[in-house]
Amino acid sequence: MKLSGGVEWALHCCVVLTAASAPVPAARLAQLHDVSPSYLAKQMQALSRAGLVKSVQGKTGGYVLTRAAAEITVLDVVQAVDGASPAFVCTEIRQRGPLGTPPQDCAKPCPIARAMAAADAAWRASLQEVSIADLVGSVEQDSGPRALPRIGAWLDPGNDADGSDR
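Residues numbered from 1 in each chain as written. Predicted model: local features only at pLDDT ≥ 70, side-chain atom pairs only at ≥ 80, totals over all residues. Heavy atoms only, no water.

S.K.: I keep staring at the overall build of the protein chain and nothing clicks. Help me out?
M.R.: If you tally the helices and strands in the protein chain, you get 7 helices and 2 strands. Its helices and strands in sequence order give the protein chain the pattern α-α-α-β-β-α-α-α-α, from N to C terminus. For the protein chain, the C-alpha radius of gyration of 21 Å lies well beyond 15 Å, the compact-globule estimate for 166 residues. C-alpha atoms of the protein chain, sized along the principal axes, occupy 75 × 30 × 25 Å. Expressed as a percentage of its 166 residues, the buried residues of the protein chain come to 33%. Surface exposure of the protein chain reaches about 9,800 Å², of which carbon and sulfur atoms provide 55%. Looking at the protein chain, you have 15 positive and 16 negative side-chain charges, and the mean spots of the two groups are 6 Å apart. (Helix = DSSP H or I, 4+ residues; strand = E, 2+ residues; numbered from the N terminus. Rg over C-alpha atoms; globule rule 2.2 N^0.38 Å. Buried < 20%, exposed > 50% of the residue type's maximum accessible area, 1.4 Å probe, protein only. Areas by Shrake-Rupley, 256 points an atom, 1.4 Å probe, with all protein chains shown as cover. Lys, Arg positive; Asp, Glu negative; His and termini not counted. Charge placed at Lys NZ, Arg CZ, Asp CG, Glu CD.)

S.K.: How should I be thinking about the packing of helix H1 (residues 5–17) against helix H6 (residues 132–143) in this particular structure?
M.R.: For any two helices packed against each other, the geometry is given by the interaxial angle and the distance between the axes. One way to put it is that H1 packs onto H6 with a least axis distance of 9 Å and a crossing angle of 80 degrees. Relative to H6, the element H1 lies roughly perpendicular. Along the contact surface, H1 presents Leu11, Cys14 and Val15, while H6 presents Ile132, Leu135, Val136 and Val139. Along the lines of polarity and charge, the residues of the contact of H1 with H6 split into 7 nonpolar, no polar and no charged. (Axes fitted to C-alpha atoms, helices over the stretch in contact; angles between N-to-C directions. Parallel < 35°, antiparallel > 145°, perpendicular 65-115°, else oblique. Contact = heavy atoms within 4.5 Å. Nonpolar A, V, L, I, M, F, W, Y, C, P; charged D, E, K, R; others polar.)

S.K.: Is there a simple way to explain the packing of aromatic side chains in this structure?
M.R.: Per the stated rule, a full pass over the model turns up 0 aromatic pairs. In this arrangement the basic side chain of Arg28 is found over the ring face of Trp154, its NZ or CZ atom lying 3.8 Å from the centre. (Phe/Tyr/Trp six-rings, centres within 6.5 Å; stacked < 30°, edge-to-face > 60°. Lys NZ or Arg CZ within 6 Å of the ring centre and 35° of its normal.)

S.K.: What's the story with the pairing of strand S2 (residues 62–65) in this structure? I'm lost.
M.R.: In the case of a regular strand, side chains alternate between the two sheet surfaces. Bridging between strand S1 (residues 53–56) and S2 involves 4 bridges; their strand directions are antiparallel. Across the sheet, the residue bridging to Lys54 is Val64, located in S2. Hairpin connection from S1 to S2: 5 residues lie between these consecutive antiparallel strands, with Gly58 at a positive phi of about 115 degrees. (Pairing = 2+ DSSP bridges.)

S.K.: Would you mind showing me how to read the nonpolar core here?
M.R.: Here is a general trend for soluble globular proteins: nonpolar side chains tend to be buried in one another's company. In this structure, Leu17, Leu29, Met44, Leu47, Val77 and Ile132 are the most contacted members of the largest nonpolar core, which totals 34 residues. Secondary structure elements with two or more residues in this core: H1, helix H2 (26–33), helix H3 (37–49), S2, helix H4 (74–82), H6 and helix H7 (147–155). The dominant element in this core, judged by the number of residues it contributes, is H1, at 8 residues. In this structure Leu17 touches Val24, Leu29, Met44, Val53, Tyr63 and Leu65, once residues within four positions along its chain are discounted. (Core = buried A, V, L, I, M, F, W, Y, C linked by side-chain atoms within 4.5 Å.)

S.K.: What's the story with the pattern of salt bridges in this structure? I'm lost.
M.R.: Side chains carrying opposite charge are able to pair once their charged atoms draw close together. Taken as a whole, this structure holds 3 salt bridges when the rule is applied. Of the charged contacts, one joins Arg67 and Asp76 as a salt bridge, the two residues approaching to 3.6 Å between their closest N and O atoms. The closest approach of N and O atoms between Glu92 and Arg94, which form a salt bridge, is 2.6 Å. For Arg94, a relative accessible area of 25% puts it in the partly exposed group. (Salt bridge = Lys/Arg side-chain N within 4 Å of Asp/Glu carboxyl O.)

S.K.: Can you help me understand a nonpolar patch on the surface in this one?
M.R.: Together, Phe88, Ile112 and Met116 make up an exposed nonpolar region whose accessible area comes to about 270 Å². By secondary structure assignment, the location of Phe88 is in the loop between H4 and helix H5 (111–128). (Patch = residues over 30% accessible without salt bridge, like charges linked within 9 Å, V, L, I, M, F, W, Y side chains within 5 Å.)

Below is the structure:
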């Protein structure tokens with residue numbers, strides 16, 4: 001399974017938005033993650049179209065999560081950025097060539113298509129079980145309880161553009 005890089009950026013943004021006390025501009029998120037602002041804005045727009053974040057307009061505008069982190073799954077983010085299409089699409093190769101199987105004998109998916117569909121379903125079920133809140137908990141466990149509050153303070157619109165604390 002290969003996902004676009006945008007999925008990683010979008011997941012990181014969702015995690016850090018849980019630490020923000022106010023809407024966070026896409027440019028500030030891009031600065032935090034050292035990524036192109038236009039690239040990150042594209043991922044945030046995908047999250048917004050999917051209803052996972054909303055854009056707040058105005059001087060102190062930016063992005064916020066639309067619901068609790070426990071209610072947003074990794075699969076939600078993956079599908080927002082990369083779409084919901086299955087990873088494997090059967091092209092019925094067994095019907096091609098000089099010994100191709102007649103279409104009427106292909107009433108059910110072949111073993112390859114069945115195996116790939118089962119793998120895709122298992123992968124999606126696994127991602128559906130992990131929420132943004134679960135990722136936040138893992139960040140806190142791996143990086144300590146101050147990691148996300150420190151990021152939240154840095155994201156605060158009252159901090160200097162260079163990220164220094166007040």
